Each structure stands twice: as C-alpha cells, then as structure tokens.
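# Residue-level structure breakdown
Each chain, letter by letter, is given below.
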Amino acid sequence: MKRFRTLTALAVAMFTTAAANAQPTLTAEDALIPRGTSALVDVVFSNAPTSENITGIDLVIRYDSDVATATDVVTAGTATDGWDKAFNVVEDVAAGGIDEIRISMASFDSLDVPVSAIGLQIDFTVADVLVPGVSTPLEFTVAVLNETDVFAAGGTTDGSISIGGTTGTIALSGPSPFNPGGVITVTVTDADLIGDPDFDVTITNSTPDPDEVETVTLTETPVGSGTFIGTITTEH
C-alpha cells in the first residue's frame, strides 16, 4: 500500500512538473471573411500563467496584401486588455505583395493565461474579388514573449484568411399564375460558388401535393458570374 501511495505521488508530481514546464504558444486563427468587408482575426495565447511573468510581447505576422490588409490591433476584451501597444504595417517585405504587421506590447501586470485565451485581435479588410478560394496564410516570423523566442522554439501556429462566406440567394420566376406546361426559372446567386460545376437543387411543391419533388440542374450563366440558372416545366 505504501508503494502504491509512493507511485501515485510520483505520478502527480511528474504531471505537475510537466504542466509547469509547458511553454507558451501562440496560434493565429483560420478566418473566413466575406469579400470587401473587415473582420477581427484572433491570435490565441496558451500556457502563459502569471508565473511566467510575461510583461512584453513582440510579434511580426506576414500576409498577402492582394488578399487582405491589416488596419488595427484590438485588445479590448482580450487577455492583453489595458496593455500599451504599438503597431505598424510594412509593405512589400517579400516578393508577391507580401506585407507584415509588427506589433509591440507591454504592461506592468503579467499576462495571465494559464490555459488558453484570445491574446489580441487583428483587424483585416479583405479584397472585393469574385474569384473563389482566394486566401493568404498568416505567417509568424517573430514571436517573442519577454526574452523568450517562442517562434524559434516552434511555439507558433500559422493561421489563414480566406475570402468567402457570402450569403447566397435563390429565386423562382415564371408566368403568373403557374399553368400546366409553363416554364419556371430557378436562379441561385452566390459568389462563393463562382467557377463551380453544375449542381442540382431540389424543389418541393407545398400545394396541392406536398409530396411532389422535382430536381433541377443549375448551370453557371455566364461562366465566372456566380449566377446559376436552371428551368423546370410544370405538368399540372
């Protein structure tokens, strides 16, 4: 029994030591932002309790300026709420329109993130483009907490920004009233679907026969427009 208690105490001590030795990490969010709009992208801090005595933060994050532009750093409501901050955007630091945002922060109070929390948010505005699947990585190139180089220690996880999330619309048009033999046009408009192949939509008749279901194939018309059109002929 004594041996069992000794092993249990040893296991608890090892777990506690491992938790105490966990290194701070930073993770950028994978964000989906509708074209031509702005949104806050989270940078999440983990394993940064007050015992780490972190009072200074320096970050550099790179991104494709043809996709997104950083405009602000927001700390309100995050783990660094109330910290002093400064940032600037440096353009064309690498080929292909790569910009970077450089962020420096400081506080008299230590960072208090024992598990995980949003450490700050970066306000990005994305391009107003209709090309599907456009994205940019959010790549850490510097991440220093006090004098600890978290980036060099492999403690950062890059994020991304994708343009999308546009709410689509669907419309039915045709003769009024709908008579037998009449043609109904189904139109779906959704910028997120630009360039997609034909797809089927299901239409359910609500009256007089709620069980009547028809399938219509929609084709992008014209190609690259995000507008998909199909027709169905009524029978009765």
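Structural data are supplied above this passage.
If you're wondering where the values come from, they're calculated on a predicted model, not measured in any experiment.

### A closer look at the overall build of the protein
Counting its regular elements, the protein contains one helix and 17 strands. Buried residues in the protein amount to 32% of all 236 residues. Of all intrachain contacts in the protein linking residues separated by at least 6 positions in sequence, the fraction that spans at least 24 positions is 67%. When the accessible surface of the protein is summed, it comes to about 13,200 Å², and 55% of that surface belongs to carbon and sulfur atoms.

### Looking at the pairing of strand 4 (residues 56-64)
Within strand 4, seven of the nine residues are buried, which leaves it mostly tucked inside the rest of the structure. Strand direction decides the pairing type here: strand 4 and strand 7 (residues 98-106), joined by nine bridges, are antiparallel. The residue bridging Ile 57 from the neighbouring strand is Met 105, located in strand 7. Inspection of the sheet shows strand 4 paired to strand 9 (residues 135-145) by six bridges, in the antiparallel sense. Of the residues in strand 9, the one forming a bridge with Val 60 is Val 142.

### Some remarks on the nonpolar core
Among the nonpolar cores identified, the biggest contains 36 residues, and Leu 120, Ile 122 and Phe 124 are the most heavily contacted of them. Counting residues per element, this core draws most heavily on strand 8 (residues 113-126), at five residues. Among the nonpolar cores identified, the runner-up in size contains eight residues, and Val 186, Val 188, Val 216 and Phe 228 belong to it.

### A look at the packing of aromatic side chains
Following the criterion strictly, the structure yields one aromatic pair and no others. Aromatic side chains Tyr 63 and Phe 124 sit 5.2 Å apart centroid to centroid with 85° between the ring planes, which places their arrangement in the edge-to-face category. Here the residue Tyr 63 occupies a position in strand 4, and Phe 124 occupies one in strand 8, the gap between them amounting to 61 residues. The exposure classification of Tyr 63 matches that of Phe 124, with both residues buried.

### With respect to the sheet that holds strand 8
Taken together, the five strands give an open sheet; going across it, the order is 5-8-3-1-11, and neighbouring strands pair in mixed fashion. In this open sheet, the two edge strands, each paired with only one partner strand, are strand 5 (68-74) and strand 11 (156-157).

### Some words on the pairing of strand 8
When strand 3 (residues 38-48) meets strand 8, the two strands line up antiparallel, connected through ten bridges. Counted as the bridge partner of Val 43 is Leu 120 from strand 8.

### Quick look at the environment of Asp 81
Mapped onto the elements of the fold, Asp 81 is located in the loop between strand 5 and strand 6 (84-94). C-alpha separation for the pair Asp 81 and Leu 120, spaced 39 residues apart in sequence, amounts to 8.2 Å. Contacts of Asp 81, omitting those with residues within four sequence positions, involve Thr 75 and Ala 76. In this structure the side chain of Asp 81 is engaged in a polar contact, spanning 3.0 Å, whose partner is the backbone nitrogen of Gly 77.

Here is what the cut-offs are and how they apply
- Residues numbered from 1 in each chain as written.
- Predicted model: local features only at pLDDT ≥ 70, side-chain atom pairs only at ≥ 80, totals over all residues.
- Heavy atoms only, no water.
- Helix = DSSP H or I, 4+ residues; strand = E, 2+ residues; numbered from the N terminus.
- Buried < 20%, exposed > 50% of the residue type's maximum accessible area, 1.4 Å probe, protein only.
- Contact = heavy atoms within 4.5 Å.
- Areas by Shrake-Rupley, 256 points an atom, 1.4 Å probe, with all protein chains shown as cover.
- Pairing = 2+ DSSP bridges.
- Core = buried A, V, L, I, M, F, W, Y, C linked by side-chain atoms within 4.5 Å.
- Phe/Tyr/Trp six-rings, centres within 6.5 Å; stacked < 30°, edge-to-face > 60°.
- Polar contact = N/O pair within 3.5 Å; in protein donor to acceptor, adjacent residues only side chain to side chain.

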